Amino acid sequence: MADLVNLDYLCAEKAGRLVDKFLSGGLPVIVARNHVQNSMGVLQEDGLYAFSVYQVYRKGKGGESLEALVSELLLDTRVSSLFFSAHNPPAQSQSSGPGLMMRLTAQSLDRIFMAKDLIMRVLVYAYYHLRSIKPEEGDA
């Protein structure tokens, strides 16, 4: 029997890494929190592809960190088989950003909803992690 992956733990781990990327990149806590919150709205209301395009739009303001982390999540060897078949993995040009989301949206609805749920869970965990951090005086 194959080892089962704790998806909740995986999402929490990725959320912590995302917050670390934001803060180590010099992004103020409030800006990072607003970006995560806005990204949740785009994902919920407009879907995976719009979410990915929004991250490209937000490059330099947290978008590149979130885009890289989402690609890392979906291509993680522990869960990638949930989204992509082993005999038809994403090409190099489709391994991040809108290309990856286009590839994902060509999959079954179950796979699309699973990816959306995992990404949303990462965003929720990152949001509350950022909420728990007191902003610096200059961030307010």
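Basis of the calculations
- Residues numbered from 1 in each chain as written.
- Predicted model: local features only at pLDDT ≥ 70, side-chain atom pairs only at ≥ 80, totals over all residues.
- Heavy atoms only, no water.
- Salt bridge = Lys/Arg side-chain N within 4 Å of Asp/Glu carboxyl O.
- Helix = DSSP H or I, 4+ residues; strand = E, 2+ residues; numbered from the N terminus.
- Buried < 20%, exposed > 50% of the residue type's maximum accessible area, 1.4 Å probe, protein only.
- Core = buried A, V, L, I, M, F, W, Y, C linked by side-chain atoms within 4.5 Å.
- Contact = heavy atoms within 4.5 Å.
- Expected span 1.5 Å × (residues − 1).
- Phe/Tyr/Trp six-rings, centres within 6.5 Å; stacked < 30°, edge-to-face > 60°.

Draft legend 1. Representation of the pattern of salt bridges in the model. For the structure shown, the criterion picks out seven salt bridges. One salt bridge in this structure joins Asp8 and Arg121, with 2.8 Å as the shortest N-O distance. Taken together, the residues Asp8 in helix α1 (residues 7–24) and Arg121 in helix α6 (residues 109–131) connect sequence positions 113 residues apart. Asp8 sits in the partly exposed class, given a relative accessible area of 34%. For Arg78, the salt bridge is made with Glu13, and the minimal N-O distance between the two is 3.6 Å. Taken together, the residues span a long stretch of sequence, with Arg78 in the loop between α4 (63–75) and α5 (97–105) and Glu13 in helix α1 at a distance of 65 residues. Judged by its relative accessible area of 42%, Arg78 falls in the partly exposed class. Since its relative accessible area comes to 30%, Glu13 is described here as partly exposed. Here the salt bridges share partners, and the residues they tie into one network are Glu13, Lys14, Arg17, Glu72, Asp76 and Arg78.

Draft legend 2. Molecular detail of the nonpolar core. The biggest cluster of nonpolar side chains holds 35 residues, and the ones touching the most others in it are Phe51, Leu74, Ile119 and Leu123. Elements with a contribution of two residues or more to this core: α1, α2 (29–46), α3 (48–57), α4, α5 and α6. Top element by residues in this core is α6. It accounts for 10 residues. When sequence neighbours within four positions are dropped, the list of residues in contact with Leu123 reads Val36, Ser39, Met40, Leu43, Phe51 and Leu66.

Draft legend 3. Layout of α6. In this model, α6 (23 residues) spans 32 Å end to end at C-alpha, consistent with the 33 Å of a helix rising 1.5 Å per residue. Those residues of α6 that sit buried are Ile112, Ala115, Lys116, Leu118, Ile119, Met120, Val122, Leu123, Ala126, Tyr127 and Leu130.

Draft legend 4. The environment of Leu27, seen in detail. With respect to the secondary-structure elements, Leu27 resides in the loop between α1 and α2. On the accessibility criterion, Leu27 (13% relative accessible area) is buried. In contact with Leu27, other than residues within four places in its own chain, are Phe22, Ala32, Lys61 and Gly62.

Draft legend 5. Here's a closer look at the packing of aromatic side chains. Scanning all chains against the criterion turns up two aromatic pairs. Aromatic side chains Tyr54 and Tyr57 sit 6.1 Å apart centroid to centroid with 35° between the ring planes, which places their arrangement in the tilted category. Taken as a pair, Tyr54 and Tyr57 lie in helix α3 at a separation of three residues, close to a single helical turn. A relative accessible area of 16% means that Tyr54 is categorised as buried. For Tyr57, a relative accessible area of 65% corresponds to the exposed category. Look at Tyr127 and Tyr128: their rings are 5.2 Å apart centre to centre, the planes differ by 80°, and that puts the pair in the edge-to-face class. The exposure class assigned to Tyr128 is exposed, which follows from its relative accessible area of 54%.

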